[in-house]
Structures are given as C-alpha cells and as structure tokens.
Amino acid sequence: MTRHEEWMKQALREAEKAFEHDEVPVGAVVVHDGRVIGRGHNQIEMLQDPTAHAEMIALTAAASHLRSRRLEHCTLYVTLEPCPMCAGAIVLSRIATVVFATFDPKAGACGTLYNILEDKRLNHTPHVISGVCDKESEELLKGFFGRIRRVEGRTQSE
C-alpha cells in the first residue's frame, strides 16, 4: 500500500461516517508533516449548511490547528473530486497537493466539468493526483445512492 493509499483510507473512514448519518459519503483529511491535522465528512443535511462539505470542514480544522489560513505544506485527501466551491477554498488555502479518489460527473471542478485547481490564471495551482482508492469510494457512493433510490421507490409506490 502506498502512502497516498494509507491517507486516503482515513478519508474513506470519514466518508463512512457521513454514510452512517445519511449524508452523501464524502470524507477528507489534511496531512502536514506526516500527521492528520484536519478531518471532515459531509454534514450538509445535519447542519442544514450548503457549505458543510468534507473538504471545507477539513480545511477549517487544519487552518485552526496551524493558526494560519495558509496550508502551503499540506496535502488534502478527499474521496470525491472537489466541487467548484471546495476547489476555490483549496486555491485560497494554498494547499500544496490534492489527492482525490473518484471523479464527480455532476460537480467535479478538478478536471471533469471544470479544472479550477490547474487554472494558471489563479494565484495558486496545487499538484493534483486522482484515482487513489477510487474503487472503494465508488462502491460507497453507489451503495448510498442505491439506498436512496430504494427508499424513494418504496415511498412512491405506497
């Protein structure tokens, strides 16, 4: 197992927490000097906050830990390709590297719909690595949305 896979496994554990709370299962961890300094999972429904994405929560925790908005020597591991909001926050935080598991065809802003993190017009362009533990992340997402479809199907037919 590579070091990226080891850290992504921690992000996947965060995604599982989201799944357990009926949230879209996305998890994130921020690593600095070989330690996790920020972690988060989606809490949009629980907090009724459209900004409560896993990445945003993990970035906030990391900035608090370092007492700095600049996360220049950090790596963000996230189980799903960041959306435009999260990609913007990543650029502003100056994260050095972003590692994500699976692409997001509906809202991906790191190569799928947009490519915010590699846009040279912006003041920062982190290194991006994709596809780390993608199968595990995809299975978690498929399980979640399959469950949602089953519940909605029963409700509609009753």
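J.: Would you take a moment to explain unusual backbone geometry for this structure?
T.: What you tend to see is this: most non-glycine residues have negative phi, and most peptide bonds are trans. For D33, which is not glycine, the phi dihedral falls at a positive 50°. When you line up the elements, D33 lands in the loop between β1 (27–32) and β2 (35–41). Residue D33 is classed as exposed on the basis of its relative accessible area of 68%. A positive phi angle, close to 55°, is found at R67, a residue other than glycine. For R67, the position within the fold is in the loop between α3 (54–66) and β3 (74–80).

J.: Can you help me understand the packing of aromatic side chains in this one?
T.: Given two aromatic rings, their pairing is described by the distance between the two centres and the angle made by the two planes. In the structure shown here, the tally under the stated rule is three aromatic pairs. Ring centres 5.1 Å apart and planes at 90° place the aromatic pair F100 and F103 in the edge-to-face group. For F100, a relative accessible area of 0% translates into the label buried. Relative to F145, the ring of F144 has its centre 5.1 Å away and its plane inclined at 80°; by these criteria the two rings are edge-to-face. Given a relative accessible area of 4%, F144 falls into the buried group. In textbook terms, an aromatic cluster arises when at least three aromatic residues are bridged by ring pairs, as seen for F19, F144 and F145. The aromatic ring of F19 is capped on one face by R147, whose charged end is 4.4 Å from the ring centroid.

Reading the values: the criteria
Residue positions are given per chain, counting from 1 as you read along its sequence in written order. For a predicted model such as this one, the threshold for reporting local features is a pLDDT of at least 70, and the threshold for listing and counting side-chain atom pairs is 80 or more; totals across whole chains, interfaces and linings nevertheless cover every residue. To get the side-chain values, take all heavy atoms of the structure and skip hydrogens and water. Counting from the N terminus, the helices are DSSP H or I runs at least four residues long and the strands are E runs at least two residues long. Only protein chains enter the accessibility calculation, which uses a 1.4 Å probe. A residue is then buried if its area is under 20% of the maximum for its type, exposed if over 50%, and partly exposed in between. Each pair of aromatic rings taken from Phe, Tyr and Trp, with Trp reduced to its six-membered ring, is defined by centres within 6.5 Å and is described as stacked if the planes are under 30 degrees apart, edge-to-face if over 60, and tilted in the remaining cases. Our definition puts a charge over a ring when NZ of Lys or CZ of Arg is within 6 Å of the ring centre and also within 35 degrees of the ring normal.

Remember, this is a structural readout, not a statement about activity or role.
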